[in-house]
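Next come the chains, spelled out residue by residue.
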Amino acid sequence: MALTIQDTMFLFIQMFMVACVWSYLYKTDNIFARGAAQIVISISTVHYFLNNLNRVYLQVLIPIMDGTRLINIIPVLAGVLFYTRLWKGKGWIASYSYSLSLGIGMGSLFTTYVSTNLLNPINRAITQVTGATTPFDQASALLAFIGTLCALSYWLFTVELKGPTRYILVFGRLFLMSSIGILYAQDVVWAQSLFIGAADKFLKFFRMVLLGAVA
Amino acid sequence: MALAKLGKIDYRFIYAFMTIITFIPLIYPIGIPTTVGDNVKNYVNKIETYPAGSVALTSFSGYITMLPDVEPIYVATYKLLFARGFKVLILLTDVDAPIVITQVLNKAGVDWSKEGIDFVIFPYMSMDEAAHVVFTDNIRSYFINDWKLRSLDNATNLPLMQEIYDYTDFDLVVGSTGHVSRYNVWCGIDIVAWGTGTGLLPFVGPFYDPINGPIYGYVGGASQGGELEIATGYLGDGIKTNDAKNLGIITLCIIIIIGNLSMLGEKEGGKE
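The structure displayed is predicted, hence computed values, not measured ones.

**With respect to the pairing of strand E2 (residues 87-92) of chain B**
Residue and element names in this part refer to chain B.
Alright, step 1. Among the six residues of E2, six are classified as buried, and the element is accordingly described as predominantly covered.
Alright, step 2. Burial of E2 is two-sided: the residues Lys87, Leu89 and Leu91 facing one way and the residues Val88, Ile90 and Leu92 facing the other way are all buried.
Alright, step 3. Two strands pair when backbone bridges link them, and strand E1 (residues 55-60) and E2 are joined in this way by six bridges, in the parallel orientation. By the bridge assignment, Thr58 is partnered in E2 with Ile90.
Alright, step 4. On the question of chirality, the crossover connecting E1 to the parallel E2 by way of helix H4 (residues 67-83) is right-handed.
Alright, step 5. Pairing between E2 and strand E3 (residues 119-121): three bridges, direction parallel. In the sheet register, Leu89 faces E3, and the bridge partner there is Val120.

See the structure below:
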């Protein structure tokens, strides 16, 4: 199927924007890289603003106007109160909205946060040791358990440990560095994936527009 | 001293070298072997245990900036879900998601005439903790329409929604790797997790157990997206770009080792 002018323009813009961003690697402060960054930021701002505006209109205001969900008036009022920050001397009114939003947000967040990031990992570190069946799993679970205790010691003890006990902190630090190393490696793989995605867009232009290949 | 000199190479040569290394396999695929990991096999196996007609809730974050990392996972998963006869609910949890979902479902070969019968897409709503509670407890207290503003109670347009009211009607949740804990806390239903391969995956760990759940399998990042394509048989962009990913990572590892050796050389040189 032949490319339409719209497709060609789209592929060209994709390729051009990728080239502009990549120019940053050659020279950090250049007009192409800065231009691409400004375009993306401005389009994103408009996109997010209009989408959220549309969402509020369709999901919140219309149900109020047709009377199906009058309770939506409360979040709308709370939202409007945020804008009192724009008037000198009236900004304190917005603190009610902040309090409401932060209070509810933190309350519901902590219910899951404590379970996810505190109780479950601790529970898992203990049950892995007792539940492991093969010798390899047992050794692995034991190492993770000891590592968890040492890493916790590293963060929690504010008293400097001396003598043989200092090795607890050394082991804890090594364990933390290993974990952070894995996270960093995952980030590198992620960045590589994005780089390949951009490279693919670059190639698409050459293949489909310049060489006339079919998608 | 020779090692120390390596560290003085202009960084632009390294970037250019990495670019060439990435482009070569995209133009001429090499076919580096890919092994499917247990977590990916468990992800597929879990989905395949459900009979046709089961209901799967898919939490679709779909950031445009993350797309190269997650698109192969989304596409292969939707292909698998529809091929297995699942009824699919799609929750759009990011502002980009309404745009991205169309592209992903088109790539998955979805029949749009079956919208409302085989699948339903909810409008985008920011899905924080409180929103998850309300949504899972009673879908209609959160959404009154689908993403095309058709009432969820309209049996003509959305017959699928006439059987679904809350989380007890879901058989499986395909949750974002960063959000899975929320489903576990509020629902306690079977979960498989999908998402990026970055720091989000550690959230999955405490919940991952292929036998007892609640998370039975997970797929994170484009590399595992390629593995998922092999495991499901739906080959696509993931496997196509795996060569470039693998070759790029191997090269990067070599560059990091050389960089460290050069730093070591510099230190030794300083001592002399």
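**What about the domain arrangement of chain A?**
Residues and elements named next belong to chain A.
Alright, step 1. Splitting chain A by domain gives domain 1 (1-68), domain 2 (80-131) and domain 3 (134-215).
Alright, step 2. One C-alpha centre belongs to domain 1, the other to domain 3; they are set 32 Å apart.
Alright, step 3. Every contact between the two is made by eight residues of domain 1 and, on the other side, eight residues of domain 3.
Alright, step 4. Residue classes in the side of domain 1 that touches domain 3 are distributed as six nonpolar, two polar and no charged.

Cut-offs applied
- Residues numbered from 1 in each chain as written.
- Chains lettered and ligands numbered in written order.
- Predicted model: local features only at pLDDT ≥ 70, side-chain atom pairs only at ≥ 80, totals over all residues.
- Buried ≥ 20, exposed ≤ 12 C-beta atoms within 10 Å, placed from the backbone.
- Helix = DSSP H or I, 4+ residues; strand = E, 2+ residues; numbered from the N terminus.
- Pairing = 2+ DSSP bridges.
- Right-handed = clockwise from strand over helix to strand, strands pointing away.
- Domains from an automatic or database assignment.
- Contact = placed C-beta atoms within 7 Å.
- Nonpolar A, V, L, I, M, F, W, Y, C, P; charged D, E, K, R; others polar.

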